[in-house]
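Architecture and fold: a report
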Amino acid sequence: GVKNLRIWLISLFFATLLVCCVGFLSFCTEFFSAVYHMEKADAGALASLGYWFTVVGGVAAGIVSRVRRSNSLKGQFIQLILCAVMSMAVYPFGFLVPQSGIVPFLFACGFVNGYTSGVLFGTVPRLVSHPQVTGVSMGIVFTCQNISSFCASPLTGACVNGGNWGGAVLPMLGITGMGLVFCILCTILQARRARMGAGLGHAAP
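First, a word on scope: everything that follows refers to the structure included in this document. Keep in mind the model is a prediction, meaning the values are calculated, not measured.

1. Concerning the side chain of Ser33
Counting through the fold element by element, Ser33 comes out in helix α1 (residues 5–36). Note on Ser33: relative accessible area 15%, which makes it buried. When near neighbours in sequence (up to four residues on either side) are disregarded, Ser33 contacts Met38, Lys40 and Ala43.

2. Some details on the pattern of salt bridges
Oppositely charged side chains can pair when the atoms bearing their charge come close. Scanning the model with the defined rule gives one salt bridge in all. Residue Glu30 pairs with Lys40 through a salt bridge whose shortest N-O separation is 3.3 Å. Within this pair, whereas Glu30 is found in helix α1, its partner Lys40 is found in helix α2 (residues 40–47), the two being separated by 10 residues in sequence. By relative accessible area, which is 46% here, Lys40 ends up partly exposed.

3. Some points on a nonpolar patch on the surface
Residues Val2, Leu5, Trp8 and Val136 make up a contiguous nonpolar surface patch of about 350 Å² in total accessible area. Note on placement: Trp8 falls in helix α1.

4. Considerations on unusual backbone geometry
Positive phi outside glycine occurs at His37, with the angle close to 60°. Positionally, His37 belongs in the loop between α1 and α2. What makes His37 exposed here is its relative accessible area of 67%.

5. A closer look at the packing of α1 against α2
For the pair α1 and α2, interaxial distance at closest approach is 8 Å and the crossing angle is 140°. The handedness of the crossing between α1 and α2 is right-handed. Facing Leu25, Cys28, Thr29, Glu30, Phe32 and Ser33 of α1, the residues of α2 in contact are Lys40, Ala43, Gly44, Leu46 and Ala47.

6. Thoughts on helix α6 (residues 134–160)
Its 27 residues give α6 an end-to-end C-alpha distance of 39 Å, which sits within 8% of 39 Å, the value for a rise of 1.5 Å per residue. The largest bend in α6 comes to about 35°, at Ala152, with the proline Pro154 one to four residues further on. Within α6, burial applies to Ser137, Met138, Ile140, Val141, Cys144, Ser148, Ala152, Thr156, Gly157 and Val160. Looking one or two residues past α6, Gly162 carries a phi angle of roughly 80°, positive in sign.

So, how was this worked out
- Residues numbered from 1 in each chain as written.
- Predicted model: local features only at pLDDT ≥ 70, side-chain atom pairs only at ≥ 80, totals over all residues.
- Heavy atoms only, no water.
- Helix = DSSP H or I, 4+ residues; strand = E, 2+ residues; numbered from the N terminus.
- Buried < 20%, exposed > 50% of the residue type's maximum accessible area, 1.4 Å probe, protein only.
- Contact = heavy atoms within 4.5 Å.
- Salt bridge = Lys/Arg side-chain N within 4 Å of Asp/Glu carboxyl O.
- Patch = residues over 30% accessible without salt bridge, like charges linked within 9 Å, V, L, I, M, F, W, Y side chains within 5 Å.
- Areas by Shrake-Rupley, 256 points an atom, 1.4 Å probe, with all protein chains shown as cover.
- Axes fitted to C-alpha atoms, helices over the stretch in contact; angles between N-to-C directions.
- Left-handed = near helix turned anticlockwise from the far one by under 90°.
- Expected span 1.5 Å × (residues − 1).
- Bend = angle between axes of the 7 residues up to and from the residue.

The structure is reproduced here in structure tokens:
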């Protein structure tokens, strides 16, 4: 399970998404307070919407998974690539969003996180060669998830230090861009493995 490169690539993609998502949500209360002059209590309550909307994303992923084509492994990888593209379009620009766009942006922020989680957690068990290593594979995902969540605040804080809110844009673009690359590489490896399995007359996990 540890030698499965596809698991590592998909886990690193998830880590890049969380670095930017958690990084923004960790500092958006201070951002709303400093830039839009909100009371800290109001800013904190508003920021919590970013976490609540992850539920909507997770539910949406479950509904879409009921569609036969989207539930195929190919369909799941297509969804993950789309999630990687959406993360690039959303998270880097959190500290540039105008006050009128706060709620829609928080919706997008939480939705992408929740939807990606729903699809990814359903994809990982299908990439292992034997059910016995599923736990190890999920452990790799959770390890990357926890490390990225731990590092998100210090990394984002270093970028926006001194009220330089726009300083997070380029680093987050680079991080989410890396996530897209990881996701595409994992998709290519899976496609090659599937072709090899077809050539041998059976499906390759």
